[in-house]
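A look at the structure
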Amino acid sequence: MTGGIYRPETDGALLAMVNVYKTFPVRKSFFSGEDLRVRAVDGVSLTVPPGKTLGLVGESGCGKTTLARIAIRLLAPDSGSIRFDGNDITRMEGEVLRVTRRQMQIVFQDPYSSLNPRMKVRDIVGEGWLVHGLARGKELRERAERLLVRVGMPAEAGGKYPHEFSGGQRQRIGIARAIALSPKLVVADEPVSALDVSVQAQILNLLKDLQEEYGMAYLFVSHDLRVIRHVSDAVAVMYLGKVMETGPVEDLFREPLHPYTRSLLSAVPMLGDAPSERIVLSGEIPSPIAPPPGCRFHTRCFMAKKECAEVCPLLREVASGRFAACHFL
Amino acid sequence: MKESAGMGRGFARRLLRNRLAAAGGAVILFFFLVSALPGLFSSHEPNRIDIVNILRPPSAAHPLGTDDLGRDVLARVVHGARVSLKVGFVAVGIATVLGLLVGLLSGFYGGWVDAVLMRFVDMMLCFPTFFLILSVIAFLEPSIWNIMAVIGLTGWMGVARLVRAETLSLKERDFVAAARAQGAGDARIILRHVLPNTLAPILVAATLGVAGAILTESALSFLGIGVQPPTPSWGNILTAGKDNIEYAWWLSLFPGLAILVTVLGYNLLGEGIRDAADPRLKGR
C-alpha cells in the first residue's frame, strides 16, 4: 500500500486542489530586468472531504493564506486545477463564479479590516441574501437577527456598526456572514489568531458547533498547532509554498514523520505524545523569491544530506494514509 | 482604530472641541444666513443708484459707505455673499462628482483604465488653471453659470487622485474580499464598500475646495470676466474699489474682508474636519 505518490482523491471530495502554483510579482531585478516573483504556492495538492476539517499549518509567509484564497477562487492559480463539489472552478468567471460562490465562504484573520465600518451589522451579515435575491427589507432584518443570536450575539446588534463591538464579537459577526448562505465549505483564515486566548476557545467551539449543525467543511488555516489539533480531522503542514506532510490529525500529532513537522511539534510544550527532545532549527526561513533547490527544507534540516540539495522529494505515502515529502522516510 | 474614528458622535465632539474649526463653521453659518436673508442685514437695494451720495464714507445711513454710483456697499456685500456661496458649492459639487467618478474607476480597475485616466489628470494639471479658465471664459458668455462650470471642470483632479489612492488601499481590504465571496458585483462593491469609506477625505477636500472656488470667482469678477455688473459680487465690488482706492478705502476694504473671512472660515473648518476624522494626521 505504501510508497505511492500523493494523488488527491478527487472522487467524493468537496474540494480538491491538484498541483496548484501561484506566484506574485515583486519587482524587476535591477541588473537583468527580469521580473522577480514570490513563489507563494509551489505545487500544492490537497483535498477536503464534505463536512470535515482540513487544518493547514505552517509558519508566517509559507503560502497558507494564498492557498486558502485560491481554494475559494478569490485568487486564480497560475496553474493546477481546483475542483469544488464536482465542478472545475479553476478558470470559472463572471456570473457562474458569482453563483458558485454561495457555496464557499471565508472567515478572515483581522476582525477589524474584515467588516465594512460604514455598514450596519445586519447589512454585513445579510449582504449575500440581498445579492442573491434571497431576502430583503424586513425579512432580511429578521433573518439577520436570528443568525446573530445563533452565533452568540444579541439580536439588537443588527442595528449597530462594527466599531461598537470587541474583536471577539466582530469575529462572530464575520462567522455569521460566512454561514449566512449555508455554504458547503468555509475557509477559516487564522480566525482566532487576533483574539485573546480566552476568546479563542469560545470562537473555536462556536465553529465546531456550527459545523455539526450545518455539516460544512472547513479549510482551517492557522500557525497555532494547538488550535489545529483541536479543530482538524486531517492536517497538511506547509513550508515555503509546499506541503511537507499530510495525514490524519491524531496520527500526525502522535508520530510526526517529516523532520519539519517533528521540529514544529517539538517547539510546542506538552504536545506530541511521544516524548522527544526539543529540535531547535537554525537559520531563517529562506526567501520565497529564490527558494533553495532540492528539498525546500534542507537548509535548516537536521537530517539533510547531499541529495536533499539536489532532488526535490515528492509527497509520497510513507505509512498507511500518511504522506510526507522526505527522502529518508 | 481608524474605523471607530469615523463620522459618528465622537467625530462631532472632536470637531466642536477644536475652537478654530468651530469658529470657521460659525463664519460659514453666518454667511449662509446672510445669503438666505439679505434683507435682515441691509435694508438698502444693492443696485439703487444715488448720484447725490457717491463715495460717502461709512455713516449711520450707510454703515460701510457708498460706491462711485452712490450704491450702498453693505447691501452690495450682503447680496454678493450669495454669489460667492453659489459658485463655491456648485463648482465644488461638479469637481467632487467628477473626481469621485474618475478616482473610483481608476483605482478600482487599475491597468489601462488607470493609466489612461491618470495621464489625463496629469495633462489637466499641466495647464495653469487660472489661464485655462481665462481663455475658456473668453470664448463663452461671462456668466455665473459658465464660471461655476469652468471652475468645477478644472478643479476635479485633486479629488480624483485622492479618491484613487483611497480606493487602491480599500479594494485590498478584507471586507471587499468578503463582499466578493458573498457574490457582490463590481458596481455593488464600488458603491457600497469603497465609496462610503472615501467620504471623510473627500469632505475635507471639498471644504477646502469651496475656499479656492470662492477665491477664483472673486479674481475672475475682479478682472471683469466673472459675474457681470450690476449684479454684485465680492470680486466686482473690489474692481470699483480699485479705481477709487486713494480716496474711498471702504470700497476695497469691506468686500476684501468678506473674502478673507469666508475663505479663512472654510480653510479652518476643512482642517478641523481632517483632524477630527483622523486624529493621527493632527499637526501635519
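**Observations regarding the overall build of chain A**
- In terms of regular secondary structure, chain A is built from 10 helices and 12 strands.
- If one aligns the C-alpha atoms of chain A with their principal axes, the spans along those axes are about 70 × 50 × 40 Å.
- Of the contacts formed within chain A by residues at least 6 apart in sequence, a portion of 64% connects residues at least 24 apart.
- When the accessible area of chain A is evaluated, it comes to approximately 14,500 Å², of which 50% is carbon and sulfur surface.
- On chain A, the mean spot of the 42 positive side-chain charges and the mean spot of the 37 negative ones are 4 Å from each other.

**What to know about the overall build of chain B**
- Assigned secondary structure in chain B consists of 12 helices and 0 strands.
- Counting from the amino terminus, chain B carries its helices and strands in the arrangement α-α-α-α-α-α-α-α-α-α-α-α.
- In terms of overall dimensions, chain B has a C-alpha envelope of 75 × 45 × 30 Å along the principal axes.
- Of the contacts formed within chain B by residues at least 6 apart in sequence, a portion of 71% connects residues at least 24 apart.
- Positive and negative side-chain charges of chain B, numbering 25 and 19 respectively, have mean locations separated by a distance of 9 Å.

**Things to note about the pairing of strand E11 (residues 316-319) of chain A**
All names here are of chain A.
- As judged from the 3 bridges shared by E11 and strand E12 (residues 322-324), these two strands associate in the antiparallel manner. Note that in E12 the partner of Arg316 across the bridge is Ala324.
- In this structure, the hairpin formed by E11 and E12 is closed by a connection of 2 residues, where Gly321 is found at a positive phi of approximately 75°.

**Quick word on helix H10 (residues 259-266) of chain A**
All names here are of chain A.
- The buried fraction of H10 is high, at 7 of 8 residues.
- Listing the buried residues of H10 in full gives Pro259, Tyr260, Thr261, Ser263, Leu264, Leu265 and Ser266.
- Considering only its buried residues, H10 is in contact with helix H8 (225-231), strand E9 (234-239), strand E10 (242-248) and helix H9 (249-254).

**Side note on the packing of helix H10 (residues 186-222) of chain B against helix H12 (residues 250-277) of chain B**
Residues and elements named next belong to chain B.
- Interhelical geometry of H10 versus H12 gives an angle of 170° and a closest axis separation of 8 Å. With respect to each other, H10 and H12 are oriented roughly antiparallel. Here H10 contributes Ala200, Leu203, Val204, Thr207, Leu208, Val210, Ala211, Ile214, Leu215 and Ser218 to the contact with H12, which in turn contributes Ile259, Thr262, Val263, Tyr266, Asn267, Leu269, Gly270, Glu271, Ile273, Arg274 and Ala277.
- For the contact of H10 with H12, the residue count by class is 14 nonpolar, 5 polar and 2 charged.

**A look at the interface of chain B and chain A**
- Of the residues lining the interface, 21 residues belong to chain B; the matching set on chain A comes to 28 residues.
- Overall, the association of chain B and chain A removes approximately 2,200 Å² of surface from exposure, summing both partners, and the carbon and sulfur fraction of that is 54%.
- Note that Arg69 of chain A is salt-bridged to Asp174 of chain B, the shortest N-O span being 3.0 Å.
- At the boundary of chain B and chain A, one finds 15 residue pairs in polar contact (both at pLDDT 80 or more).
- Looking at the side of chain B that touches chain A, the elements that each hand over two or more residues are helix H9 (174-182) and H10 of chain B.
- Ranked by the residues each element gives to the side of chain B that touches chain A, the list is headed by H9 of chain B, at 8 residues.
- The class makeup of the residues in the side of chain B that touches chain A is 9 nonpolar, 6 polar and 6 charged.

**Topic: the sheet that holds E11 of chain A**
Residue and element names in this part refer to chain A.
- Read from one edge to the other, the open sheet built from 8 strands follows the order E6-E7-E8-E3-E9-E10-E12-E11, with strand pairing classed as mixed. Here the strands that pair on one side only, and so sit at the sheet edges, are strand E6 (104-107) and E11. Within the sheet, the average angular offset between the axes of one strand and its neighbour, ignoring direction, is 25°.
- Relative to the sheet, helix H7 (residues 197-214) contacts strand E3 (53-58) and strand E8 (217-222), its axis offset from that of E8 by approximately 160°.
- Along the sheet face, H10 touches E9 and E10 and points at about 100° away from the line of E9.

**A word on the packing of aromatic side chains**
Residue and element names in this part refer to chain A.
- Enumeration over the complete set of coordinates arrives at 13 aromatic pairs over all chains.
- Between Tyr260 and Phe297, the aromatic rings sit 5.0 Å apart at their centres with planes inclined by 65°, giving edge-to-face as the arrangement. Separated by 37 residues along the polypeptide, Tyr260 in helix H10 and Phe297 in the loop between H10 and E11 bring together distant segments of the chain. Each of the two residues, Tyr260 as well as Phe297, counts as buried.

**Some details on the pattern of salt bridges**
- Scanning all chains against the criterion turns up 26 salt bridges over all chains.
- Across the pair Asp42 of chain A and Arg39 of chain A runs a salt bridge, and its minimum N-O distance is 3.5 Å.
- Classification of Asp42 of chain A by relative accessible area gives buried; the value is 4%.
- Overall, the relative accessible area of 34% leaves Arg39 of chain A in the partly exposed class.
- Its salt-bridge partner being Asp122 of chain B, residue Arg161 of chain B comes within 2.7 Å of it at the nearest N-O pair. In this pair, Arg161 of chain B sits in helix H8 (residues 157-170) while Asp122 of chain B sits in helix H5 (residues 111-126), placing the two residues 39 residues apart along the sequence.
- Of the residues examined, Asp122 of chain B reaches a relative accessible area of 26% and is grouped as partly exposed.
- Beyond isolated ion pairs, a larger network of salt bridges with shared partners links Arg39, Asp42 and Arg296 of chain A.

**Focus on the side chain of His193 of chain B**
- Assignment of secondary structure puts His193 of chain B in helix H10.
- Take His193 of chain B: its relative accessible area is 2%, and that puts it in the buried class.
- A polar side-chain atom of His193 of chain B sits 3.1 Å from a polar atom in the side chain of Asn116 of chain A.
- In contact with His193 of chain B, not counting residues within four places along its chain, are Asn116, Met119 and Glu127 of chain A together with Phe175, Val176, Ala179 and Arg188 of chain B.

**Thoughts on the state of the cysteines**
- Summed over the entire model, instances satisfying the criterion amount to 0 disulfides over all chains.
- Summary of cysteine pairing: Cys62 of chain A is not part of a disulfide, and the nearest cysteine sulfur, belonging to Cys295 of chain A, is at 14 Å.

What counts, and at which threshold
Every chain's residues receive numbers from 1 upward, in the order its sequence appears when written. Ligands are numbered from 1 and chains lettered from A, in the order in which they are written. Restriction of local features to residues with pLDDT of at least 70 applies here, the model being predicted, together with a cutoff of 80 or more for giving and counting side-chain atom pairs; totals for whole chains, interfaces and linings are based on all residues. Working from all heavy atoms in the structure, the side-chain values ignore hydrogens and water. Numbering of helices and strands runs from the N terminus, with a helix taken as a DSSP run of H or I at least four residues long and a strand as a DSSP run of E at least two residues long. Every residue pair with non-hydrogen atoms within 4.5 Å of one another is taken to be in contact. For every accessible area listed, the method is Shrake-Rupley and the probe measures 1.4 Å; residues are considered covered only by the protein chains on display. Here the positive residues are Lys and Arg and the negative ones are Asp and Glu; neither His nor the chain ends is included. By convention, the charge on Lys lies at NZ, on Arg at CZ, on Asp at CG and on Glu at CD. Strand pairing is assigned whenever DSSP identifies at least 2 bridges connecting the two strands. Throughout this description, buried means an accessible area under 20% of the type-specific maximum (1.4 Å probe, protein chains only), exposed means over 50%, and partly exposed covers the range between. The axes are straight lines fitted to the C-alpha atoms, using for helices just the contacting stretch, and the angles between their N-to-C directions are given from 0 to 180°. The cut-offs work like this: below 35 degrees is roughly parallel, past 145 is roughly antiparallel, 65 to 115 is roughly perpendicular, and the gaps in between are oblique. Polarity classes work like this: nonpolar for Ala, Val, Leu, Ile, Met, Phe, Trp, Tyr, Cys and Pro, charged for Asp, Glu, Lys and Arg, and polar for all others, with Gly in that last group. Reported buried area values correspond to the accessible surface (1.4 Å probe) lost by two parts on association, with both partners' losses combined. Just to be clear on terms, a salt bridge is a Lys or Arg side-chain nitrogen sitting within 4 Å of an Asp or Glu carboxyl oxygen. By the criterion applied in these results, polar contacts are pairs of N or O atoms within 3.5 Å in which, for protein atoms, one can donate a hydrogen and the other can accept it, and in which residues neighboring in sequence qualify only through two side-chain atoms. Stacked, tilted and edge-to-face are the three classes applied to pairs of Phe, Tyr and Trp rings, where Trp contributes its six-membered ring and a pair requires centres within 6.5 Å; stacked means planes under 30 degrees apart, edge-to-face means over 60, and tilted covers the rest. The rule for a disulfide is simple: a pair of cysteine sulfur atoms within 2.5 Å.

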